[in-house]
Amino acid sequence: MTESLFIVLAVLIVAVALAPIVVRIAQDRAPYLLSLIPFSLAAFLLLSWRQVDSGEVFGYSFSWVSGLDISATWRLDGLSLMFASLVLGMGGLVLVYARGYMAGMADNGKFYAYLFLFMTAMVGLALSDNVITLFVFWELTSVSSYMLIGHKHGDESSRNSALQALIVTGAGGLALLGGLVMLATAAGTWQISEMAARADAIAASSLAIPALVLVAAGAFAKSAQAPFHFWLPNAMSAPTPVSAYLHSATMVKAGVFLLARLHPTLGELWLWTPLLATVGGITMVAAAWQALRETDLKRMLAYSTVSALGTMVFLIGLGHPSAIKAAVTFLIAHALYKGALFMVAGSIDHEAGTRDLRLLGGLRRAMPLTAAGAGIAAISMAGIPPMFGYVGKETLFAAALDADRFVVILVIAALAAAVLNFAIAAIVSLKPFFGDASETPKPAHEGSPALWTPPLLLALLGVVLGVASPWIGSMIVGAASDTTAGQDIKTELELWPGFGSVLALSVGAIALGAGAYMISSSLARVPLHLGNGGDGIFRRLNSGLQRGSVALTRSVQNGQMSWYISVIVAFGATLILTAMFARDGFRWPADTVAVRPYEVVIAIGVLLAAVMAALTRSRLRAIAALGASGYGIATLFVIYGAPDLAMTQILVETLLVLLLVSVFRFLPTTGENSSPRRRGKDALIAIAGGVAVSVVALAAIAATPASSISDFFGANSKTEAEGSNVVNTILVDFRALDTLGEIAVLAVAAIGVIALLRFTPRRWGDK
Amino acid sequence: MNSVLLMTTARLLISILLLFAIFLLVRGHNAPGGGFIAGLVVASAVGLYALAFDIRSARSLLRVHPRTIIAVGLLVAVLSALPGMFSGDPFMTGIWVDFSVGGESVKLGTPLLFDLGVFLVVVGMATIALLWLAEEEG
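What you see is a predicted model, and the numbers here were worked out from it, not measured in a lab.

If you tally the helices and strands in chain B, you get 6 helices and 2 strands. Ordered by position in the sequence, the α and β elements of chain B form the string α-α-α-α-α-β-β-α. Viewed in the frame of its principal axes, chain B has a C-alpha envelope of about 55 × 40 × 20 Å. Excluding contacts between residues fewer than 6 apart, the proportion of contacts in chain B whose partners are at least 24 apart in sequence is 62%. Carbon and sulfur atoms provide 70% of the accessible area of chain B, an area that totals close to 6,900 Å². Looking at chain B, you have 7 positive and 8 negative side-chain charges, and the mean spots of the two groups are 6 Å apart.

Compared with the 46 Å implied by 1.5 Å per residue over 32 residues, the 45 Å span of helix α7 (residues 156-187) of chain A between its first and last C-alpha is a close match. At the exit of α7 of chain A stands G188 of chain A, carrying a positive phi of roughly 75 degrees.

Consecutive residues of a regular strand have side chains that alternate between opposite faces of the sheet. Residues and elements named next belong to chain B. Bridge count for strand β1 (residues 96-101) against strand β2 (residues 104-109) is 6 bridges, and the pairing is antiparallel. Paired with V97 across the two strands is L108, which belongs to β2. Between β1 and the antiparallel strand that follows it, β2, lie 2 residues; G102 among them carries a positive phi value of about 55 degrees.

What tends to happen in soluble globular proteins is that the nonpolar side chains get buried as a cluster. Residue and element names in this part refer to chain A. Core analysis: the biggest nonpolar cluster contains 193 residues, and Y112, F116, W231, Y245 and I332 have the highest contact counts within it. The leading source of residues in this core is helix α16 (residues 321-352), at 19 residues. With near-sequence residues (within four places) excluded, Y245 lies in contact with V87, M90, G91, V94, L115, F118, M119, T250 and M251.

Looking now at the environment of L577 of chain A. All names here are of chain A. Note on placement: L577 falls in helix α25 (residues 561-584). Residue class for L577 comes out partly exposed when judged on its relative accessible area of 23%. In contact with L577, other than residues within four places in its own chain, are A582, A688, V691, A692 and V695.

What follows concerns the interface of chain A and chain B. In this assembly, 43 residues from chain A lie in contact with 48 residues from chain B. Summed over both sides, the interface between chain A and chain B buries roughly 4,000 Å², with carbon and sulfur atoms accounting for 74% of that surface. Here chain A and chain B share 0 salt bridges between them. Remark: the boundary between chain A and chain B carries 8 residue pairs in polar contact (both at pLDDT 80 or more). Breaking the side of chain A that touches chain B down by element, the ones donating at least two residues are α28 (643-662), α30 (709-721), α31 (726-734), α32 (736-756) and α33 (761-765) of chain A. Considering each element in turn, the side of chain A that touches chain B owes the most residues, 12 residues, to α32 of chain A. Considered class by class, the residues forming the side of chain A that touches chain B number 28 nonpolar, 8 polar and 7 charged.

Further remarks concern a nonpolar patch on the surface. All names here are of chain A. Together, F6, F62, W64, V65, L68 and V136 line one region of the surface with nonpolar side chains, adding up to about 510 Å² of accessible area. The leading source of residues in the nonpolar patch is strand β1 (residues 58-65), at 3 residues. Inspection of the secondary structure assignment puts L68 in the loop between β1 and β2 (70-76). For L68, a relative accessible area of 57% gives the class exposed.

Before going further, it helps to spend a moment on the domain arrangement of chain A. Here chain A is described as being made up of domain 1 (271-525) and domain 2 (561-715). Distance between the C-alpha centres of domain 1 of chain A and domain 2 of chain A: 73 Å.

Looking at the element boundaries, P233 of chain A is found in helix α11 (residues 231-234). With near-sequence residues (within four places) excluded, P233 of chain A lies in contact with R299, A302 and Y303 of chain A.

Excluding glycine, residues mostly carry a negative phi; peptide bonds, for their part, are mostly trans. Residue and element names in this part refer to chain A. At the junction of A226 and P227, the peptide bond is cis and its omega measures out at 5 degrees in the coordinates. Relative to the elements of secondary structure, P227 occurs in the loop between α10 (208-222) and α11. Note that the residue after P385, namely P386, is joined by a cis bond; omega there is 5 degrees. For P386, the location among the structural elements is in the loop between α17 (368-382) and α18 (388-402). The phi dihedral of D107 is positive, around 60 degrees, even though this residue is not glycine. Note on D107: relative accessible area 38%, which makes it partly exposed.

Our focus in this paragraph is the pairing of β2 of chain A. Residue and element names in this part refer to chain A. Summarising burial for β2: 6 of the 7 residues are buried, a large majority. Both β1 and β2 contribute to a ladder of 7 bridges, which runs antiparallel. Opposite S61, over in β2, you have T73 as the bridge partner. If you look at the hairpin formed by β1 and β2, you'll find 4 residues sitting between the two strands, and D69 has a positive phi there, around 60 degrees.

This part is about helix α13 (residues 254-266) of chain A. Note that an α-helix has 3.6 residues per turn; residues three or four places apart therefore point the same way. Residue and element names in this part refer to chain A. Along its 13 residues, α13 runs 17 Å from first to last C-alpha, staying within 8% of the 18 Å computed at 1.5 Å per residue. Within α13, the axis deviates most sharply at A260, by approximately 25 degrees, and proline P264 lies no more than four positions further along. Where burial is concerned, most of α13 is hidden: 13 out of the 13 residues are buried.

Secondary-structure assignment places G466 of chain A in helix α20 (residues 449-467). In the structure, G466 of chain A is positioned 79 residues away from M387 of chain A in sequence and 4.3 Å away in space, judged by C-alpha atoms.

Below, the discussion takes up the packing of aromatic side chains. Residues and elements named next belong to chain A. Counting across every chain of the model gives 10 aromatic pairs over all chains. With centroids separated by 6.2 Å and ring planes inclined at 45 degrees, the aromatic side chains of F6 and Y60 adopt a geometry described as tilted. Taken as a pair, F6 in helix α1 (residues 4-26) and Y60 in strand β1 lie far apart in primary sequence, 54 residues in all. For F6, a relative accessible area of 33% gives the class partly exposed. These aromatic residues form a ring-pair network of at least three members: F6, Y60, W74 and F137. In this structure, K222 is placed above the aromatic ring of W138, and the distance from its NZ or CZ to the ring centre is 5.0 Å.

Here is what the cut-offs are and how they apply
- Residues numbered from 1 in each chain as written.
- Chains lettered and ligands numbered in written order.
- Predicted model: local features only at pLDDT ≥ 70, side-chain atom pairs only at ≥ 80, totals over all residues.
- Heavy atoms only, no water.
- Helix = DSSP H or I, 4+ residues; strand = E, 2+ residues; numbered from the N terminus.
- Contact = heavy atoms within 4.5 Å.
- Areas by Shrake-Rupley, 256 points an atom, 1.4 Å probe, with all protein chains shown as cover.
- Lys, Arg positive; Asp, Glu negative; His and termini not counted.
- Charge placed at Lys NZ, Arg CZ, Asp CG, Glu CD.
- Expected span 1.5 Å × (residues − 1).
- Pairing = 2+ DSSP bridges.
- Core = buried A, V, L, I, M, F, W, Y, C linked by side-chain atoms within 4.5 Å.
- Buried < 20%, exposed > 50% of the residue type's maximum accessible area, 1.4 Å probe, protein only.
- Buried area = accessible area lost by both parts, 1.4 Å probe.
- Salt bridge = Lys/Arg side-chain N within 4 Å of Asp/Glu carboxyl O.
- Polar contact = N/O pair within 3.5 Å; in protein donor to acceptor, adjacent residues only side chain to side chain.
- Nonpolar A, V, L, I, M, F, W, Y, C, P; charged D, E, K, R; others polar.
- Patch = residues over 30% accessible without salt bridge, like charges linked within 9 Å, V, L, I, M, F, W, Y side chains within 5 Å.
- Domains from an automatic or database assignment.
- Bend = angle between axes of the 7 residues up to and from the residue.
- Phe/Tyr/Trp six-rings, centres within 6.5 Å; stacked < 30°, edge-to-face > 60°.
- Lys NZ or Arg CZ within 6 Å of the ring centre and 35° of its normal.

And the structure:
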């Protein structure tokens, strides 16, 4: 089991590459084949459930960046097993669903590749035990989510939403990185599992609170907590399989997962409960309220997802054993019913051509199986027995009641969220399917089995887990809760809580929820809303940044080559001269070298050519003079025993002359930009540049280091690098990584040149 | 430019220059030369050709677009860095093999492959600059 943790990831990575090929060969049937991969991997992981449940932990590690003591460490415990299997199982179902939803659409190969990339990232995130590995996968989920949200990249709002999600979660990711590094510094280890044992040492460190704030900020951004929630409803422009998978079942829960992961480490800090419970609680209630006001089915579900994520953060924030149990239960229950409801919303959109609730009605006759899936899932969401959602809500109430302080406020918040979610569940399951059949843009009818089977399966799984919650439910929740709590906690789930406050609250939530549904249209008119302040601020910041960049670019880069060169040379000269004379003090070389007569002749020739290049009015003469000057310098290189340098210099000079000659006729005529004042300024800058370079050369001669690195290269070139040309062995062996970097830069510059020339492949083919 | 003299010379010179470039590339490890210089030689050969005939025929001389040359070069350079890892050494460790060709011992190593990558990237970049910057409008 231990090495196989890595194999699970390896299989998924291979699947990323394989997906487009499978799509090309198997066409529309490809998703079925591909879904076998996550299903079998999930089954494989679940084989170890018994052992993990009994407290066994599987780990696997290999050195990654040994210099920084960072290793890639994988760990399979209760929490990661639950999360990874959820990701893989949902992934399989989403693939099946995508078979129905994406059939016949463009770029499907790319789509499935990104879906597997995302799956890899999520499973890697779940299994990581090292904070750096975890962070890398965390960022990979953001990147792959960007690709998936923006899948319909021809659509501008798709692109904007994808970018918004990337920037918000990416900014959160930066905060997270800072927090994780602080945490690792305070703990003295990069391993999350070792941090828990050092919780006391961390709590004593002054880095603890900043680390918590930063980690929480990252988790809040990822899990769409207020005030960062706005990106999630906007991300609904993604294809529905993506919404069902990323934005309800898995990725948005990464933040919750991270908080659960770090609960044993940070849960004892004084700020933990106030911060998480407040943010989570507010999000839980406010987002549910906002959901009622939406008319787009997917946006309504998105807001209710934000509310559910708030509930989980709220529960982990409370942090006592029954709250942890509730968080895990709620996480699983929510994934089941919300995944199903998103798929239903997508099916309606796919078959009826709209997902506007005001236009939908009476679809139960046309789409009976979809309606059944929606109905069962909604009963779970509403928290009606015997569904798993009911168990989730029951544990939520129990957790609120078990809190140490502010019990009344917590219970009211939980009740409010439950009531509002009941109303939402009623709206999304009743409004489209019952009432009078209305005219929809497309005549609605039942979609292909691929469209209604996955949601129905998910909904029925909610029934099974609910009915069997004392047995299977407890087992599934148990191991994950123990890991999250950092201790063995009592995780018996019950369908029947016995007469008491929990039951009263459950019944109350249903009754009030029914009432809220009745008056939901009036509630939606109450002028009190969560608002999209974040969205507005984001947009203003974004457009401000763009306008600022444009203005800055216009002023700095005016398109005049001469201006660019002046700026570069003037800036470089200022920098060098300041550093030389203001900081270190410049020294003349102590010993003078005897100069041979013919060197003087060459030097005078170089100087004359340079002066001529500067003074001549003919451009052709200037080019030739520059070349002559360069050749003269190359001759000096030869005399001083640097043949490689000389050859390079000669070739570069030759090419430069060739290039200048070939662009000759595009250049403006000389004198066009040449007022006396301008020439004076240019001369000043040029002289400053020349002086700066000379000063550096002189200073380099003056500085005689104790031991020269050239001795090392000279001595080892033949023995270590099998070559006697030291220049070359440095380039391709000793410092080959630098060279690799340099040719990569060359390649990037070439891409830039190609883009600038707007050179298209078609024009290359033209003869 | 339509100089018969230049055209004939260019035809003759280009094969010599290309041969010279290969010579420089291979000897580079032990004597002045190497991938960078060899790449510049090829670029100047192409430049000469462009001067003698025209840019279009110089381009067709290349057969592939320079960006392909650059991509292949970068790939070769990266691949040359991998064999060392298989024997457990760090990335980019040079691996040398001794051949015996006609009684002469010939040493071949991954740094030569790396230099070949450098050579290709330089050829690509320089020919893009020479043959595309000078392109006429339209």
